[in-house]
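Overview (structure and organization)
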Amino acid sequence: MTEQELLWNLVKIGVPVITLVTPLLKLNSSIIRLIEKLDAISKHNDLQDTRINKHSEEIDIHDRKLENHDVRIKNLENKECKYEISRKEI
């Protein structure tokens, strides 16, 4: 085999290999970037879940306080004041 034939065989084998490998390398780098972005989105989502859960707990506390206030107001409205009792006696 001469040098020319050897070079020609290398070119025949090398060009298709390079043609196949280049898009695969680009695809691999794109997949890596997507995975990194998904990880960042997942961390951000976890942070949002934590905040939402905290706010939900605060809302529940406020709801309980509001219910307690409503009950107290109804009790006060149902009570007769001392002035009204004294007026009835007259």
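Examining the overall build of the chain
- Helix and strand content of the chain: two helices and zero strands.
- For the chain, with 90 residues in total, the buried portion stands at 0%.
- When the accessible surface of the chain is split by element, carbon and sulfur atoms take 61% of a total near 9,000 Å².

Quick look at a nonpolar patch on the surface
- A grouping of I13, V17, L20, V21 and L25 is seen on the molecular surface, where their side chains present a nonpolar patch of about 470 Å² in accessible area.
- Assignment of secondary structure puts L20 in helix α1 (residues 3-78).

Comments concerning a negative patch on the surface
- The grouping of E57, E58, D60, D63, E67 and D70 at the surface amounts to a negative patch.
- Structurally, E67 is set in helix α1.

Cut-offs used in this document
Residues numbered from 1 in each chain as written. Predicted model: local features only at pLDDT ≥ 70, side-chain atom pairs only at ≥ 80, totals over all residues. Heavy atoms only, no water. Helix = DSSP H or I, 4+ residues; strand = E, 2+ residues; numbered from the N terminus. Buried < 20%, exposed > 50% of the residue type's maximum accessible area, 1.4 Å probe, protein only. Areas by Shrake-Rupley, 256 points an atom, 1.4 Å probe, with all protein chains shown as cover. Patch = residues over 30% accessible without salt bridge, like charges linked within 9 Å, V, L, I, M, F, W, Y side chains within 5 Å. Salt bridge = Lys/Arg side-chain N within 4 Å of Asp/Glu carboxyl O. Lys, Arg positive; Asp, Glu negative; His and termini not counted. Charge placed at Lys NZ, Arg CZ, Asp CG, Glu CD.

Function cannot be read off these values alone, since they describe shape.
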